[in-house]
Amino acid sequence: MPNRYLSPETMPAPFGYSQVVESTGTRTVHVAGQVPLNARNELVGEGDFQAQVRQAFENVRQALDAVDMTFNDVVKMQFFVTDIANLPKVRDIRDEYINTDQPPASTSVQVVALFQ
């Protein structure tokens with residue numbers, strides 16, 4: 001079975017990448033990095049960091065839904081933030097989505113800017 005490359009209509013339209021790639025064999029799924037855009041490519045929560053983080057997590061949830069998976073199937077997460085001081089807010093919202101008793105591996109990085 002070939003890899004599946006998906007960009008569900010429930011997610012922002014990507015430009016030059018797939019939102020979700022499901023690998024064959026071991027059923028590994030890769031989800032592209034998410035930004036706070038809705039399915040109409042509109043920014044959600046302008047000026048509201050937590051609303052933007054929540055939208056990014058909702059986009060990941062929709063990507064997982066597209067391949068019949070949930071956050072319980074996630075084994076690795078990466079976070080890129082422009083201000084590492086916001087990381088506790090990201091973690092608080094993350095904890096609404098993941099199993100905190102068995103959290104996925106995680107990497108957090110501060111960057112100069114993010115795509116929007």
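Computed from a predicted model, the values in this text were never measured in an experiment.

(A) Helix 2 (residues 87-97), seen in detail. Listed as buried for helix 2 are L87, V90, I93, R94 and Y97. Along the axis of helix 2, the buried positions cluster into a sector of 125 degrees, meaning they face one direction only. Turned more than 90 degrees away from the buried face of helix 2 sit D92 and E96, all of them exposed. Residues of helix 2 that are buried sit in contact with helix 1 (49-66), strand 4 (76-81) and strand 5 (105-110).

(B) Structural detail: the sheet that holds strand 1 (residues 4-6). If you trace the 3 strands from one edge of the open sheet to the other, you get 1-2-3, paired in antiparallel fashion. Strands at the two margins of the open sheet, each flanked by one partner only, are strand 1 and strand 3 (29-31). Each adjacent strand pair in this sheet contributes to an overall mean axis angle of 10 degrees, direction not counted. The sheet contact formed by strand 1 and strand 2 (residues 20-22) spans 3 bridges and is antiparallel. Looking at the pairing, Y5 lines up with V21 of strand 2.

(C) A look at the layout of surface pockets. Here the largest pocket defines a volume of roughly 1100 Å³. A32, G33, Q34, V60 and Q78 are the residues nearest the centre of the largest pocket, which is lined by 34 residues in total. Among the secondary structure elements, those contributing two or more residues to the lining of the largest pocket are strand 3, helix 1 and strand 4. For the lining of the largest pocket, the element with the most residues is helix 1, which contributes 7 residues. Of the residues assigned to the lining of the largest pocket, the class counts are 22 nonpolar, 8 polar and 4 charged.

(D) Main features of the environment of E96. Its location among the elements puts E96 in helix 2. For E96, a relative accessible area of 51% corresponds to the exposed category. Along the primary structure E96 and Y17 are separated by 79 residues, whereas in three dimensions their C-alpha atoms are 28 Å apart. Among the polar contacts listed, one links the side chain of E96 to the side chain of R54, at a separation of 2.8 Å.

Parameters at a glance
- Residues numbered from 1 in each chain as written.
- Predicted model: local features only at pLDDT ≥ 70, side-chain atom pairs only at ≥ 80, totals over all residues.
- Heavy atoms only, no water.
- Buried < 20%, exposed > 50% of the residue type's maximum accessible area, 1.4 Å probe, protein only.
- Helix = DSSP H or I, 4+ residues; strand = E, 2+ residues; numbered from the N terminus.
- Arc of directions from axis to C-beta.
- Contact = heavy atoms within 4.5 Å.
- Pairing = 2+ DSSP bridges.
- Axes fitted to C-alpha atoms, helices over the stretch in contact; angles between N-to-C directions.
- 1 Å grid on protein atoms, 1.4 Å probe; cavity = no way out; pocket = protein on both sides within 12 Å on 5 of 7 lines; lining within 4 Å.
- Points joined across faces, edges and corners; volume = space filled by probe spheres on them.
- Nonpolar A, V, L, I, M, F, W, Y, C, P; charged D, E, K, R; others polar.
- Polar contact = N/O pair within 3.5 Å; in protein donor to acceptor, adjacent residues only side chain to side chain.

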